[in-house]
Amino acid sequence: MHAANSQAFWIQAPGRGEIRTQALPRRHAHELLIRTRYSAISRGTESLVFQGKIPDSEYTRMRAPFQEGDFPGPVKYGYANVGVVEEGPDDWCGREVFCLYPHQTRYTVPIEAVVPLPDNLPAARAVLAANMETAVNALWDAAPRVGDRISVVGAGVVGSLVAWLCQQTAGVRVQLLDLDTRKAELAAALGLPFRHPHDAEDEQDIVINASGNPHGLRNALALAGYEAEIIELSWFGRDEVTLPLGEAFHSRRLTLRASQVGGVSPARRARRSHAQRLQLALTLLRDARLDALIDGESDFLDLPTVLARLSDTDRPALCHRIRYS
């Protein structure tokens, strides 16, 4: 008999979070009861949610799969949860799973909402699954070819994963760019060439901006070669972005295109479901070098103060993991 209550993190109002106790619904035969082991903070989107920077026009599109409440708050938001099945069909009990669920100690979801962790993937690293899924979708959108010259602007979690995946294409030359030269150590851990944007090679075939900063997108435009493609992974919320689309933008016949994980890339949409994409992402996380992308860990009960602190800094950051007792 499981506990009747659970604890969950809610954004009560922009800039203010709290831990709430809430009743667990009765589990049905097609559902699983999951006890959370780890969750992770999305340093981009979740910080915008916490700060109340979701545009009114995006309230519906930006809803997380198991979100409760509405923007700007109170809202229960998040999508990187790794747990163990406590109740359900016998072949599920005891299995570790990933679910696009907010920060909560226990929860009940339909079986089809979870993906089992593959063998040899530690639960502590599996919190990167949503980031890896974004990176996989970005590569499906960018479609790197053999021998391409590729720049990834922004050495955060998603940018680093995108560069790491690109480098596995035969003959590709990748450079991971960031203003923070301390990210060179991260790049080295992942086996990636690192450069400051001012020292980057230009005339690139593909430039992917994952910096979350308009300056990063301007750098991307400057690095692109003739008829190159720029893929924009950043999302700026309510902030407006001004770009130099005069100058050589037209004469160089550049293409600027968005990539967003909410929909499977058109390049694979006919043959891959969201669940299949997530399963692929989990499989790709089995490389232990990717632990370098997790730069901190905090207790679940400290989440209100932790997210406030992380959302109030401009310092480029990596994945912050939340542990549950």
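Residues numbered from 1 in each chain as written. Predicted model: local features only at pLDDT ≥ 70, side-chain atom pairs only at ≥ 80, totals over all residues. Heavy atoms only, no water.

### Comments concerning the pattern of salt bridges
Stage number 1. With the rule as written, the count across this model stands at 20 salt bridges.
Stage number 2. A salt bridge links Glu229 to Arg257; its shortest N-O distance comes to 2.7 Å. With Glu229 in strand β14 (residues 224–232) and Arg257 in strand β15 (residues 255–258), the pair connects residues that are 28 residues apart, well separated along the chain.
Stage number 3. Beyond isolated ion pairs, a larger network of salt bridges with shared partners links Arg35, Glu86 and Arg106. (Salt bridge = Lys/Arg side-chain N within 4 Å of Asp/Glu carboxyl O. Helix = DSSP H or I, 4+ residues; strand = E, 2+ residues; numbered from the N terminus.)

### Topic: the environment of Ser298
Stage number 1. By the element assignment, Ser298 lies in strand β16 (residues 294–299).
Stage number 2. Classification of Ser298 by relative accessible area gives buried; the value is 9%.
Stage number 3. Residues Ser298 and Leu243, 55 residues apart in the sequence, show an inter-C-alpha distance of 38 Å.
Stage number 4. Once residues lying within four places of it in the same chain are set aside, the contact partners of Ser298 are Val306, His320, Arg321, Ile322 and Arg323.
Stage number 5. Engagement of the side chain of Ser298 in a polar contact is seen with the side chain of His320, the distance being 2.6 Å. (Buried < 20%, exposed > 50% of the residue type's maximum accessible area, 1.4 Å probe, protein only. Contact = heavy atoms within 4.5 Å. Polar contact = N/O pair within 3.5 Å; in protein donor to acceptor, adjacent residues only side chain to side chain.)

### Quick word on the side chain of Glu31
Stage number 1. Topologically, Glu31 is positioned in strand β3 (residues 31–41).
Stage number 2. For the buried residue Glu31, which engages in no salt bridge, the nearest side chain bearing the opposite charge is Arg27, 6.7 Å off.
Stage number 3. Within polar-contact distance, the side chain of Glu31 engages the backbone nitrogen of His28 at 2.9 Å.
Stage number 4. Apart from residues lying up to four places away in sequence, Glu31 is in contact with Arg26, Glu87, Gly88, Pro89, Thr108, Val109, Pro110 and Ile111. (Lys, Arg positive; Asp, Glu negative; His and termini not counted.)

### As for the pairing of strand β6 (residues 81–87)
Stage number 1. Counting buried positions along β6 yields five of seven residues, so the element is predominantly enclosed.
Stage number 2. Of the pairings in the sheet, the one linking β6 to strand β7 (residues 96–99) comprises four bridges and is antiparallel in character. Looking across to β7, one finds that Val84 is bridged to Glu96. (Pairing = 2+ DSSP bridges.)

### So, the packing of aromatic side chains
Stage number 1. In this structure the tally under the stated criterion is six aromatic pairs.
Stage number 2. On the basis of an interplanar angle of 10 degrees and a centroid distance of 4.0 Å, the ring pair of Tyr101 and Tyr107 is categorised as stacked.
Stage number 3. Residue classification places Tyr107 among the buried positions, given a relative accessible area of 0%.
Stage number 4. Among the aromatic residues, those joined into a ring-pair cluster are Tyr59, Phe71, Tyr77 and Tyr79.
Stage number 5. Across from the ring centre of Trp10, 4.3 Å away, lies the NZ or CZ of Arg20, which sits over that ring.
Stage number 6. Lying over the aromatic face of Tyr38, Arg321 brings its terminal NZ or CZ to 5.5 Å of the ring centre. (Phe/Tyr/Trp six-rings, centres within 6.5 Å; stacked < 30°, edge-to-face > 60°. Lys NZ or Arg CZ within 6 Å of the ring centre and 35° of its normal.)

### Re the environment of Met62
Stage number 1. Here Met62 is to be found in the loop between α1 (45–50) and β4 (68–69).
Stage number 2. A relative accessible area of 12% places Met62 in the buried class.
Stage number 3. Sequence separation between Met62 and Val49 is 13 residues, and the spatial gap between their C-alpha atoms is 9.4 Å.
Stage number 4. Among residues more than four places away in sequence, those in contact with Met62 are Thr45, Ile54, Gln67, Phe71, Tyr77 and Trp235.

### A closer look at the domain arrangement of the protein chain
Reports of interface size often rely on the accessible area that becomes lost once the parts have come together.
Stage number 1. Looking at the assigned domains, one finds that the protein chain contains domain 1 (5–118 + 286–323) and domain 2 (132–258).
Stage number 2. The distance between the C-alpha centroids of domain 1 and domain 2 comes to 28 Å.
Stage number 3. Taken residue by residue, the interface counts 19 residues in domain 1 and 18 residues in domain 2.
Stage number 4. Of the roughly 1,500 Å² buried where domain 1 meets domain 2, counting both sides, 69% is carbon and sulfur surface.
Stage number 5. Scanning the region where domain 1 abuts domain 2 turns up zero salt bridges.
Stage number 6. At the boundary of domain 1 with domain 2, the tally comes to zero residue pairs in polar contact (both at pLDDT 80 or more). (Domains from an automatic or database assignment. Buried area = accessible area lost by both parts, 1.4 Å probe.)

### Some thoughts on the nonpolar core
Stage number 1. Counting 53 residues, the largest nonpolar core has Phe98, Met132, Val162, Ile208 and Leu282 as the members making the most contacts within it.
Stage number 2. Looking at this core element by element, the count peaks at nine residues for helix α3 (residues 129–142).
Stage number 3. Inspection of this core shows a minimum of three residues originating in each of domain 1 (5–118 + 286–323) and domain 2 (132–258).
Stage number 4. If you look at the next biggest cluster of nonpolar residues, it comprises 19 residues, including Phe9, Val49, Met62 and Phe300. (Core = buried A, V, L, I, M, F, W, Y, C linked by side-chain atoms within 4.5 Å.)

### Considering the sheet that holds β15
Stage number 1. The strand order β12-β11-β10-β13-β14-β15 describes an open sheet built from six strands, whose pairing is parallel. Where the open sheet ends on each side, the last strands, each with one partner, are β12 (194–195) and β15.
Stage number 2. Across four bridges, strand β10 (residues 149–153) lies against strand β13 (residues 204–209) in parallel orientation. Bridge pairing links Ile150 to Ile206 in β13.

### Some points on helix α8 (residues 303–311)
Stage number 1. When α8 is considered as a whole, its buried residues turn out to be Leu303, Pro304, Val306, Leu307, Leu310 and Ser311. One side of α8 holds all its buried residues, which, seen down the axis, span an arc of 165 degrees. Of the residues in α8, the exposed ones pointing more than 90 degrees away from the buried face are Thr305 and Arg309.
Stage number 2. Buried residues along α8 sit against β1 (5–13), β2 (16–23), β3, α1, β16 and β17 (319–323). (Arc of directions from axis to C-beta.)

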